[in-house]
Amino acid sequence: MAEWIAVIVLGLIEGITEFLPVSSTGHLLLAECAFREWLGLPHRSDLFNTVIQCGAVLAVVVLFTRRVEQMLFHWRDPAVRQFLLKLAAAFFITGVGGVIMKKTGLELPETAGPVAWATLIGGFVIFAVERWVKGRTPQEEMGWVAAVVVGFAQLLAAAFPGASRSGATILAAMVAGTSRKSATEFSFLLGIPTLLSAGAFQIVDAWQEAQAQGVAMTEDWGQLIVAGVVAAVTAFAAVEWLLKFVQHHTFIVFGWYRIGLGVLILVALR
């Protein structure tokens, strides 16, 4: 029973935090550390943590149905084609960089210390970016420079759990001159191919590893599906809320949250 409760909690955390600038990976790592320490539950695989993100992606597909339909069926339109090319450029940078990091043996830390520091520093980065863009006139259209910068920002978030994929990409686009609303929407839409491909890559990688060892995959797919469904439902609410929030607010509140959470974790680790 405790294991199923943990699965549902992890799904909730993923859904709430995936598209907020607070780092879903960081929160999942912290939650798993707590489950291992308090309940003695086993560590969740990278496959589990990556694939449940695919559930959260469904929320973006539903909320941006019209935009997704444009990209799928009206890609010949010059404006739509330009937007697709910018998404493709950002995704290509992230994909190539991600494969390189994987080949070099980069693994996410299983301790809370690095996550705490990334969370804390990220809060100050939000303050710095908000100060930088204050009083400036942003562009509503995502530019090419912004798209390239966003691609590299995703790599940064992948390398440092706690940095936040959505936070890094949104803030990077804002620094490059994009409006808060457009930066948020671009980040969310870029998350569709990024997170789905990451999930597919993890599944294939786990399957190949099992085949090489001559054993069956040991992942509990029932638990993974439940966590993915929970993540999808909660992500829908979180994304819908954030899209309305950015129209009239800055990200300062998330900066304070990150700083408070980072300090709390560091104090608890002493």
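No experiment lies behind these values; they were computed from the predicted model shown.

Q: Help me understand the overall build of the protein in this model?
A: Assigned secondary structure in the protein consists of eleven helices and zero strands. C-alpha extents for the protein along the principal axes are approximately 50 × 45 × 35 Å. Across the 270 residues that make up the protein, the buried fraction comes to 48%. Counted over contacts in the protein with a minimum sequence separation of 6, partners at least 24 positions apart contribute 82%. Working note: accessible area of the protein is about 13900 Å², and carbon and sulfur atoms make up 68% of it. Separation between the mean location of the 18 positive side-chain charges and that of the 19 negative ones in the protein comes to 11 Å.

Q: Can you walk me through the confidence of the model for the protein in this structure?
A: As a general rule, the predicted coordinates of low-pLDDT regions are not to be interpreted in detail. For the protein, the mean per-residue pLDDT works out to 85, and 91% of the residues sit at or above 70. At the level of individual helices and strands, the protein shows its lowest average pLDDT in helix α2 (residues 24-39), which scores 72, and its highest in helix α8 (residues 165-175), which scores 94.

Q: I keep staring at the side chain of Ser182 and nothing clicks. Help me out?
A: Looking at where Ser182 falls in the secondary structure, it is placed in helix α9 (residues 180-213). Within the structure, Ser182 has its side chain in polar contact with the side chain of Ser179 (distance 3.1 Å). If sequence neighbours within four positions are ignored, Ser182 has contacts with Glu140 and Met142.

Q: I would appreciate a short explanation of the pattern of salt bridges in the present structure.
A: As a working rule, side chains carrying opposite charge can pair if their charged atoms are close by. According to the stated counting rule, one finds four salt bridges in the structure shown. We note a salt bridge from Glu130 to Arg180, for which the minimum N-O separation is 2.6 Å. Residue Glu130 is located in helix α6 (residues 112-133), and its partner Arg180 is located in helix α9; the two are separated by 50 residues in the primary sequence. The two residues Glu130 and Arg180 agree in class, both being buried. Here Glu185 makes a salt bridge to Lys181, at a shortest N to O gap of 2.8 Å. Here the residue Glu185 and the residue Lys181 both occupy positions in helix α9, the gap between them amounting to four residues, near one helical turn. We classify Glu185 as partly exposed; its relative accessible area is 23%.

Q: What should I look at first to understand the packing of helix α1 (residues 2-17) against helix α10 (residues 221-245) in this one?
A: Helix-helix packing is described using two parameters, namely the angle between the two axes and the distance between the axes. Contact geometry of α1 with α10 gives a least axis separation of 7 Å together with a crossing angle of 35°. The way α1 lies across α10 gives a crossing that is right-handed. Of α10, the residues touching α1 (which contributes Glu3, Trp4, Val7, Ile8, Gly11, Leu12, Glu14, Gly15 and Ile16) are Gly222, Gln223, Val226, Ala227, Val230, Ala231, Thr234, Ala235 and Ala238. Along the lines of polarity and charge, the residues of the contact of α1 with α10 split into eleven nonpolar, five polar and two charged.

Q: How should I be thinking about the packing of α6 against α8 in this particular structure?
A: Here α6 crosses α8 at 25°, and the two axes come no closer than 10 Å. If you check the angle between α6 and α8, you find them roughly parallel. Considering the relative orientation of α6 and α8, their crossing is left-handed. From α6, Val125, Ile126, Val129, Glu130, Trp132 and Val133 reach across to α8, where they touch Leu171, Met174 and Val175.

Q: Sorry, what's going on with unusual backbone geometry here?
A: As a rule of thumb, non-glycine residues mostly have phi less than zero, and peptide bonds are mostly trans rather than cis. Residues other than glycine seldom take positive phi values, yet Ser164 does so here, at roughly 80°. In this structure, Ser164 sits in the loop between α7 (144-159) and α8. Judged by its relative accessible area of 3%, Ser164 falls in the buried class.

About the cut-offs
- Residues numbered from 1 in each chain as written.
- Predicted model: local features only at pLDDT ≥ 70, side-chain atom pairs only at ≥ 80, totals over all residues.
- Heavy atoms only, no water.
- Helix = DSSP H or I, 4+ residues; strand = E, 2+ residues; numbered from the N terminus.
- Buried < 20%, exposed > 50% of the residue type's maximum accessible area, 1.4 Å probe, protein only.
- Contact = heavy atoms within 4.5 Å.
- Areas by Shrake-Rupley, 256 points an atom, 1.4 Å probe, with all protein chains shown as cover.
- Lys, Arg positive; Asp, Glu negative; His and termini not counted.
- Charge placed at Lys NZ, Arg CZ, Asp CG, Glu CD.
- pLDDT = per-residue confidence, 0-100.
- Polar contact = N/O pair within 3.5 Å; in protein donor to acceptor, adjacent residues only side chain to side chain.
- Salt bridge = Lys/Arg side-chain N within 4 Å of Asp/Glu carboxyl O.
- Axes fitted to C-alpha atoms, helices over the stretch in contact; angles between N-to-C directions.
- Left-handed = near helix turned anticlockwise from the far one by under 90°.
- Nonpolar A, V, L, I, M, F, W, Y, C, P; charged D, E, K, R; others polar.
- Parallel < 35°, antiparallel > 145°, perpendicular 65-115°, else oblique.

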